[in-house]
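Architecture at a glance
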Amino acid sequence: MHPMPIYGCLFQCILLGCLFVSVLALTSVPSRGRGYVSRNWSDYLGSDSGIYNSIYIKRSTDLSPSNDSLSCEDLEGVGSFNTTCLLNSNLYLNSDLYIYGTGNLEILPHVSITCPVEGCSISFNVSGNIKIGKYASIIAGSVVFSAANLTMEQYSSVNTSSLGGQPPPQTSGTPVGYDGAGGGHGGRGASCLKSNKTKFWGGDVYAWSTLSEPWSYGSKGGGNSAENRFGGTGGGRVMLKVRDILYLNGSVTAEGGNGGPGRGGGSGGSIMVLALKLKGYGTISAAGGSGRGGGGGGRISLDCYSIQEDVKITVHGGLSIGCPGNAGAAGTYFDATLLSLRVGNDNITTETETPLLDFPTTPLWSNVFVENNAKVLVPLLWTRVQVRGQIKLLCGGSIIFGLSEYPISEFELVAEELLMSDSVIQVFGAFRVAVKMLLMLNSKIKIDGGGNTVVTTSVLEVRNLIVLTEKSVISSNTNLAVYGQGLLKLTGHGDAVKAQRLLLALFYNITFDFNVPMKYLFDNVGPGSLLQAPLDDDTSMVTKSRCESQTCPMDLITPPDDCHVNNTLSFSLQICRVEDLLVNGLIEGSIIHIHRARTIIIDTDGMISASELGCRTGIGKGNYSNGAGGGAGHGGRGGSGLFNGRVSEGGGRYGNAELPCELGSGTEGPNESYGHVAGGGMIVMGSIQWPLLTLDIYGALRGNGQSYVGATRNINGTLIGGLGGGSGGTILLFLQTLMLAENSSLSAVGGMGGLLGGGGGGGGRIHFHWSKIDVGDEYVPVATISGAINSSGGAGNNGGFHGEEGTVTGKKCPKGLYGTFCNECPVGTYKDVEGSDACLCSPCSLDLLPNRADFIYVRGGVTWQSCPYKCISDKYKMPNCYTPLEELMYTFGGPWPFSLLLSCILILLAILLSTLRIKLLGSGCSYHSSNSIETQSHNHFPYLLSLSEVRGTRAEETQSHVYRMYFMGPNTFREPWHLPYSPPNAIIEIVYEDAFNRFIDEINSVAAYEWWEGSVHSILSVLAYPCAWSWKQWRRRNKIHRLQEFVKSEYDHSCLRSCRSRALYKGMKVGATPDLMVAYIDFFLGGDEKRIDIVSIIQKRFPMCIIFGGDGSYMSPYNLYSDTLLTNLLGQHVPATVWNRLVAGLNAQLRTVRHGSIRSALIPIISWIGSHGNPQLEFHGVKIELGWFQATASGYYQLGILVVVGDYSLHNMNQSDLLDRSSDEHLRKDTAFARKSLKQPQKSQPHTSHALSRKRITGGINGGLINDATLKSLDFRRDFLFPLSLLLHNTGPVGRQEFLQLLISIMLLADLSVTLLTLLQFYWISLGTFLAVLLILPLSLLSPFPAGLNALFSQGPRRASLARVYALWNATSLSNIAVAFVCGICHYGLSFLQPSEKANTWHSRSWKTINGGFCQPSFCYSSQSKLV
């Protein structure tokens, strides 16, 4: 069929239906059922309800049909209940209404069905769906809906408020009397009659047994007179049975009626909802009505499989106009699907309880919620509240167990979790809790035993977790035990667990994570977050039995294995079987016992305190007499009190220091007005059988006595003295390890006395009973102490005496350990007995300790007399701590046999060395003959001599030689060679004076040294003087080479007049002595001069000055070097053999001249010249005289001889030939040293004290003759090594050269052997010592041997120079020894400033060893230097 005709037919049917409904609305039809339907429906209109968006889904059950059901037409509806019935007319009923059908029912918007009769019932039972439109309402005393689905649109309502019928018989829901109290049902009605102390409520509760299916009317409120016997009417009943979905966007109410200001409000009724699913945002309410006393809430039960969205459910009590703070009690809301009970008062304040009677055991409820200021009462004497899930108290909710008139009841609460937030649990009697988790936020659990000793101990057994935060408190004025298997944590300031006796047991970890008020740090009274037992109001109940007893209670020393609490036990607070205890707050108690714990950590802000909680009298109580109060005693005597000259003795000592277990004593006055002072309590941690594993203290552990801070006055207000301070208590620790951190404290201090002469309390007792002290290699320190341990007595005031100090003891230590904390005996001591006194650690014997050994640390201390030791270095070998060298020595019997064996070996090696030398060099005499002058010159630095010394020198060079001009100065880096500017008279005719001066400038600049050359020399002089000397000689040779190259090749000889000399570069030649001390320039004729000029020039050669080489030092002795040119020149007057013998003899004499003692050394030279030299020369017309020449501004001058030939006689020269000092001022300036160092001779001595004639005698060289008269005027400087020069002479033995060479070989080998053995010994002693000995004046100990060996295997003139180098190295080695010796003395002296005895012993032995090593080679060096 086509769809358009179908739609047309449907539209026509709808129009006809609407017309039919309109007609029915205008007609009046009598009902055919029990009810009567009135056309005047407008007489009662239901009020609109608020809309709430919430969905709850529940499963419904079917109602059985009834034969009395009306039809849809009877209700003037459209359709049929078996199909679909549309109700569009307002119905006003005066009797019950029952509707049954198999179809659907729809109540159109704004339609109301009203039966305003109390207890009137309206029932709709259809198989289909029911829909209630907007603003539609059903009003009756009892309403029942049964359908497949039920939809209540917005603003629709099912209202049974204030239409309840009669409550069940034999109930007391309606209050008796005329005080206007509220009616009761799910919760009690409120009563504003405050004089009634025993019955502070109106109507009582009922229908507890039908909690899951409530079907009772609410009760009426109380009246205020006989005429007005009742107040507001109770709420009605509502049942919604939906098989599938209940859409609730309207309201379902069964609230109590209002009673007005004078009468009580009615209680809420009953609402039962059964549906598979509940959805919507509507409201379900069974609240009590308001009145003078508010009515109690009703009962609501929801049996819905699924509740979605947000349906608001309220069962709060009605407001009380007469007493606004005491509304009616909350009703009950039971979730039958979850088996969960919720009691909430919607944050309306009330003092009226909602009694909860017996709880089912099969099945158990899931959860119980008390919230929003609801007050719940469990009134039975013994009640077990058990649920499968949570018991949650929120937002001001509270539960009261028992009655305050009978605080002997026992209550049990069993659940998975007990959660409290801003709520209270009040218990009158004993309370046993068994939950897995207890969480408290700003909540309290108060247990009141009424002071009755027969009340059973309250037990909180929380298996997993207890957390208290935001000032949550668990308190009991009787015994309280808290058991758990997990964590107990107090997290915020104000959280507390308090009881008269308190036990915490079986927890894995206890954490008190809160801050202690600062006032507790000074032991002043003040509240704070804590774990406390006993309570503040009374401590005598716990301490009374212990105050007069000195016996240790066995339950503290050897407690039972199980953890329980009762009045026979000694402790006030016990923590038992706890793995870890973290204290960041305050644990306070009279007798604190921590038993079978593993680790206790008292954090920085934490404290465990028994201060001021001991006895008020006790065994050592202080005495009080006429205003003078003595302090109490314990570990030390109490201080005596003093007031107005009267003395009151303090209390005496008591208890056992080795195992203290007593409370501190206090003081009391004659009566209560004087007050009292308590001693310190007792803290016991661990036990003999179960000690603590670790105690870490970062905060405080205290058992201090109380200080008396008040003052006692007479009636007239004058002070009459004060009490003494209480004594410190006991801290007994059974533990394995202790850590007392910095700024932490452990104290049992006595209290201070009163202001007027009160004596201080005696100190308490602290004992460490170490349970396990490992010994030997397994030893670990039992204590680490950085904080303070104090058992001092309290201070007295105004003449009162201080209390004596208490005791700090420890368990007797095993062997090797000492002290309170069983520390290891100091290194170098041993202990072979048990005990703790420090004097038991005896010093070890030093007889068996080797010199290079020190006593060593032994873990666990030394327990035997022969203390172990160890060599000071791993380089030494045990047991004698010898070096390998010493081991070798003692292998051969000791130092002397080893020295003898070494000497024999050295002699054999020396003989072998001498034989080898003879084989290589022969056995000729080492001293050259007088004819070897030329050979010597050519063998010793031949490349440094003048060109005139080279073999093959032509004889004409001798004939053309004019003058030898010597360089001035010592040729050092500070004062190099230089030439004077004025040309001598001998060459004035062959040079241009201006060009000559320019030549002088150039050659002086060439002769100067660079700055770095002197710096290197200075450094080497400090490090190794022989190397510095070699460096200086090398630079001198280079300088001679440079001067020779300059004159020979670079300079153009422009200062010479001879053209031939300028052209051939042969007019000037540079030479030097072999020791490089004297350099000179020889001037020659060019050959193109006039004959007359040549003769006049050659005649000016004599008198001739010949300057000695050397400077009078050991390395450069004075010596006359006569080269071939000088020999040929003098050979014209004296035979060469005579001249050579003169030179050899003079050099032999000059070797003994030392510049440091030149005055005495030149006397033999002058005598030798007069007795041996001149007699041989005068025969040939030649004479020589000793003189000084070429003085410089620095004071340096040169020695030499003046050679006079022919008619020139020094004794017959005219006075005009003498140098006139007054006429030659220029000479005075050039000879600064002559004026400074050489005092001019007197004019009365013309023959012996004259100056040389510049023109005729010296040829222009400034200077003077040296004789007996002028010798004393010579000045000289002594070298700082002058004492060493006494050892090193430039003399040598004559004869027995072969034996001397053998002796030197032996000493060389001995030197090398001793040096190597010494260095080897130092290496084994210390690498630093080895390097210091070796490198102070680097290699000065090893260098003498190669230098000496080089000199021994040399021959000829070179041998003398090498021998001097060898001797210089020996002298340097002696300097090295001297420097090291001085350093050793300084080091040895400074070592005594060190406090360590070990350091002094080591430095002493080390110094002796080094000193011996230095002294061994010193004898060899000095002997070798002397012989060479």
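Reading guide: rules and limits
Counting restarts for each chain, with residues numbered from 1 along the sequence as it is written. Local features in this predicted model are restricted to residues whose pLDDT is 70 or higher, and side-chain atom pairs enter the listing and the counts only when it is 80 or higher, whereas totals over whole chains, interfaces and linings include all residues. Side-chain numbers come from the whole structure's heavy atoms, not from hydrogens or water. The helix and strand labels rest on DSSP assignments: H or I over at least four residues marks a helix, E over at least two residues marks a strand, and numbering proceeds from the N terminus. For each residue, the accessible area found with a 1.4 Å probe, counting protein chains only, is set against the maximum for its type, and the residue is called buried under 20%, exposed over 50%, and partly exposed in between. Residue contacts are defined here by distance: any two heavy atoms, one from each residue, within 4.5 Å place the two residues in contact. Computed with the Shrake-Rupley method and a 1.4 Å probe, the accessible areas treat only the protein chains shown as cover for residues. N or O atoms closer than or at 3.5 Å make up a polar contact, with two conditions inside protein: a donor-capable atom paired with an acceptor-capable one, and, for residues adjacent in sequence, both atoms drawn from side chains. To define a nonpolar core, start from buried Ala, Val, Leu, Ile, Met, Phe, Trp, Tyr and Cys residues and group those joined through side-chain atoms within 4.5 Å. For two strands to pair, DSSP has to find at least two bridges joining them. What goes into a patch is any residue over 30% in relative accessible area without a salt bridge, connected to like charges within 9 Å or, for nonpolar side chains (Val, Leu, Ile, Met, Phe, Trp, Tyr), within 5 Å. When a carboxyl oxygen of Asp or Glu is within 4 Å of a side-chain nitrogen of Lys or Arg, the pair counts as a salt bridge. Working definition: a disulfide is two cysteine sulfur atoms within 2.5 Å of each other. Under the convention used here, Asp and Glu are negative, Lys and Arg are positive, and both His and the chain ends fall outside the count. Known as pLDDT, the predictor's confidence for each residue is given on a scale from 0 to 100. Helix axes are fitted only over the stretch in contact, all axes being lines through C-alpha atoms; the angle between N-to-C directions runs from 0 to 180 degrees. Note on angle classes: values under 35 degrees are labelled roughly parallel, values over 145 roughly antiparallel, values of 65 to 115 roughly perpendicular, and the remainder oblique. Note on aromatic contacts: the rings of Phe and Tyr and the six-membered ring of Trp form a pair at centre separations within 6.5 Å, being stacked when their planes are under 30 degrees apart, edge-to-face when over 60 apart, and tilted otherwise. Using a grid of 1 Å spacing that covers the protein atoms alone, one calls a set of points a cavity when a 1.4 Å probe fits there but cannot get out, and a pocket when the set is open and has protein on both sides within 12 Å along at least five of seven lines; lining residues are those with an atom within 4 Å of a point. Grid points are joined across faces, edges and corners, and a volume is the space filled by probe spheres set on the points.

1. Let's talk about the overall build of the protein
Per the secondary structure count, the protein includes 23 helices and 72 strands. Buried residues in the protein amount to 55% of all 1428 residues. Long-range contacts, defined as pairs at least 24 residues apart, comprise 67% of the intrachain contacts of the protein with a sequence gap of at least 6. By element, 55% of the accessible surface of the protein is carried by carbon and sulfur atoms, the whole surface being about 60,600 Å².

2. Topic: the side chain of Ser 301
Within the secondary structure layout, Ser 301 lies in strand β19 (residues 299–307). Accessibility expressed as a relative area gives 1% for Ser 301, which makes it buried. Within polar-contact distance, the side chain of Ser 301 engages the backbone oxygen of Ser 212 at 2.5 Å.

3. Description of the nonpolar core
In terms of nonpolar packing, the biggest core is built from 91 residues, with Phe 431, Ile 608 and Leu 701 touching the most fellow members. If you tally residues by element for this core, the top one is strand β31 (residues 424–441), at seven residues. Every residue in contact with Leu 701, bar those within four places of it in the chain, is listed here: Ile 602, Ile 608, Ile 683, Met 685, Leu 695, Ile 731, Leu 733, Ser 745, Leu 746 and Ser 747. Of all hydrophobic cores here, the second largest spans 51 residues; its members include Val 1134, Leu 1146, Ile 1166 and Phe 1189.

4. With respect to the pairing of strand β67 (residues 1068–1072)
Judged by how many residues are buried, β67 sits mostly within the fold: five of five residues are covered. Burial along β67 is two-sided: the face carrying Met 1068, Val 1070 and Ala 1072 and the face carrying Lys 1069 and Gly 1071 are both buried. Where β67 and strand β68 (residues 1079–1084) come together, five bridges link them in antiparallel fashion. Within the sheet, the bridge partner assigned to Gly 1071 lies in β68 and is Tyr 1080.

5. Observations concerning a nonpolar patch on the surface
Taken together, Leu 888, Phe 892, Leu 901, Ile 905, Leu 909 and Leu 912 make up a surface patch of nonpolar side chains, about 530 Å² in accessible area. Per element, the largest residue contribution to the nonpolar patch is four residues, and it comes from helix α5 (residues 895–921). Tracing the chain through its elements places Leu 888 in helix α4 (residues 884–891). By relative accessible area, Leu 888 is classed as partly exposed at 39%.

6. Observations concerning the sheet that holds strand β18 (residues 283–285)
Here seven strands make up an open sheet; going across it, the order is β4-β7-β10-β13-β16-β18-β20 and the pairing parallel. Edge positions in the sheet fall to β4 (91–92) and β20 (312–314), since each has one partner strand and no second. Direction of pairing for β18 relative to β20: parallel, over a ladder of three bridges. Residue pairing across strands places Ile 284 opposite Ile 313, the latter belonging to β20.

7. Brief notes about the pattern of salt bridges
Overall, the coordinates contain 17 salt bridges when judged by the stated rule. Note that Glu 416 is salt-bridged to Lys 436, the shortest N-O span being 3.2 Å. Remark: Lys 436 occurs in strand β31 and Glu 416 occurs in the loop between β29 (409–414) and β30 (417–421); sequence separation between them is 20 residues. The residue Arg 653 makes a salt bridge to Glu 804 at a minimum N-O spacing of 2.6 Å. Taken as a pair, Arg 653 in the loop between β48 (646–648) and β49 (667–668) and Glu 804 in the loop between β58 (788–790) and β59 (807–810) lie far apart in primary sequence, 151 residues in all. Several salt bridges share partner residues, and in doing so they unite Arg 188, Asp 204 and Glu 353 into one network.

8. As for the state of the cysteines
Per the counting criterion, the structure on display carries 10 disulfides. Each sulfur of the disulfide joining Cys 563 and Cys 576 lies 1.7 Å from the other. Taking the sign of the S-S torsion, -50° for the link of Cys 563 and Cys 576, the bridge is left-handed. Of this pair, Cys 563 sits in the loop between α3 (554–557) and β39 (573–576) while Cys 576 sits in strand β39; the two residues are 13 residues apart in sequence, bridging distant segments of the chain. Note on Cys 563: relative accessible area 9%, which makes it buried. Residue classification places Cys 576 among the buried positions, given a relative accessible area of 1%. Covalently, Cys 871 is tied to Cys 881 through a disulfide, its sulfur atoms 2.1 Å apart. Measuring handedness by torsion sign, the sulfur bridge of Cys 871 and Cys 881 sits at about -95° and is left-handed. Of this pair, Cys 871 sits in strand β65 (residues 869–871) while Cys 881 sits in the loop between β65 and α4, placing them 10 residues apart in sequence.

9. Structural notes on the side chain of Asp 555
Along the chain, Asp 555 turns up in helix α3. For the buried Asp 555, no salt bridge exists, and the shortest N-O distance to an oppositely charged side chain is 6.4 Å, to Arg 546. A polar atom in the side chain of Asp 555 sits 2.9 Å from the backbone nitrogen of Ser 570. Beyond its immediate stretch of four places on either side in the chain, Asp 555 contacts Leu 569, Ser 570, Phe 571 and His 593.

10. Observations regarding the confidence of the model for the protein
The share of residues in the protein with pLDDT of 70 or more is 77%, and the mean pLDDT across the chain is 79. In this model, residues 1210–1259 is a region of pLDDT below 50 whose contacts with residues beyond four sequence positions or in other chains number 88 contacts. Confidence drops under a pLDDT of 50 for residues 1396–1419, and excluding neighbours within four residues, the segment shows 43 contacts in the predicted structure.

11. A closer look at the packing of helix α9 (residues 1011–1023) against helix α10 (residues 1025–1050)
Relative to each other, α9 and α10 sit at 155°, their axes nearing to 6 Å. In terms of orientation, α9 lies roughly antiparallel with respect to α10. From α9, Trp 1012, Glu 1013, Val 1016, His 1017, Leu 1020, Ser 1021 and Leu 1023 reach across to α10, where they touch Tyr 1025, Cys 1027, Ala 1028, Trp 1031, Lys 1032 and Arg 1035.

12. Here's the deal with the packing of aromatic side chains
This structure, assessed with the given rule, holds 22 aromatic pairs. Ring centres of Phe 124 and Phe 145 lie 5.1 Å apart, and the angle between their planes is 15°; this geometry places the pair in the stacked category. Of the two residues, Phe 124 sits in strand β8 (residues 121–126) while Phe 145 sits in strand β11 (residues 142–147), which places them 21 residues apart along the sequence. Pairing Phe 1046 with Tyr 1051 gives two aromatic rings, centres 6.0 Å apart and planes at 25°, and the pair type is stacked. For the pair formed by Phe 1046 and Tyr 1051, the shared burial category is buried.

13. Let's talk about the environment of Ser 960
Residue position: Ser 960 is located in helix α7 (residues 955–960). It is 9.5 Å that separates the C-alpha atoms of Ser 960 and Gly 1067, two residues lying 107 residues apart in sequence.

14. Remarks on the sheet that holds β67
Across the sheet, which stays open at both edges, the three strands sit in the order β66-β68-β67 with antiparallel pairing between neighbours. The two strands at the open ends of the sheet, each matched to only one other strand, are β66 (961–966) and β67. The sheet shows a mean angle of 25° between the axes of neighbouring strands, taken without regard to direction. Pairing of β66 with β68 involves five bridges; the strand directions are antiparallel. What sits directly across from Tyr 963, in β68, is Phe 1083. Docked against the sheet, helix α13 (residues 1124–1131) engages β66 and β68, running at close to 130° with respect to β66.

15. What about unusual backbone geometry?
In this structure, Pro 363 follows Thr 362 across a cis peptide bond, with omega equal to -10°. Along the chain, Pro 363 falls in the loop between β23 (354–355) and β24 (367–371). Residue Pro 534 is reached from Ala 533 by a cis peptide bond, and omega for that bond is 5°. For Pro 534, the position within the fold is in the loop between β38 (530–533) and α2 (540–543).

16. Section: empty space enclosed by the protein
The full count for this structure, using the stated rule, is six cavities of 30 Å³ or more. Roughly 50 Å³ of internal volume is contained in the second largest cavity. Along its surface, the second largest cavity is lined by Asp 555, Pro 560, Asp 562, Cys 563, His 564, Leu 569, Phe 571 and Gln 574.

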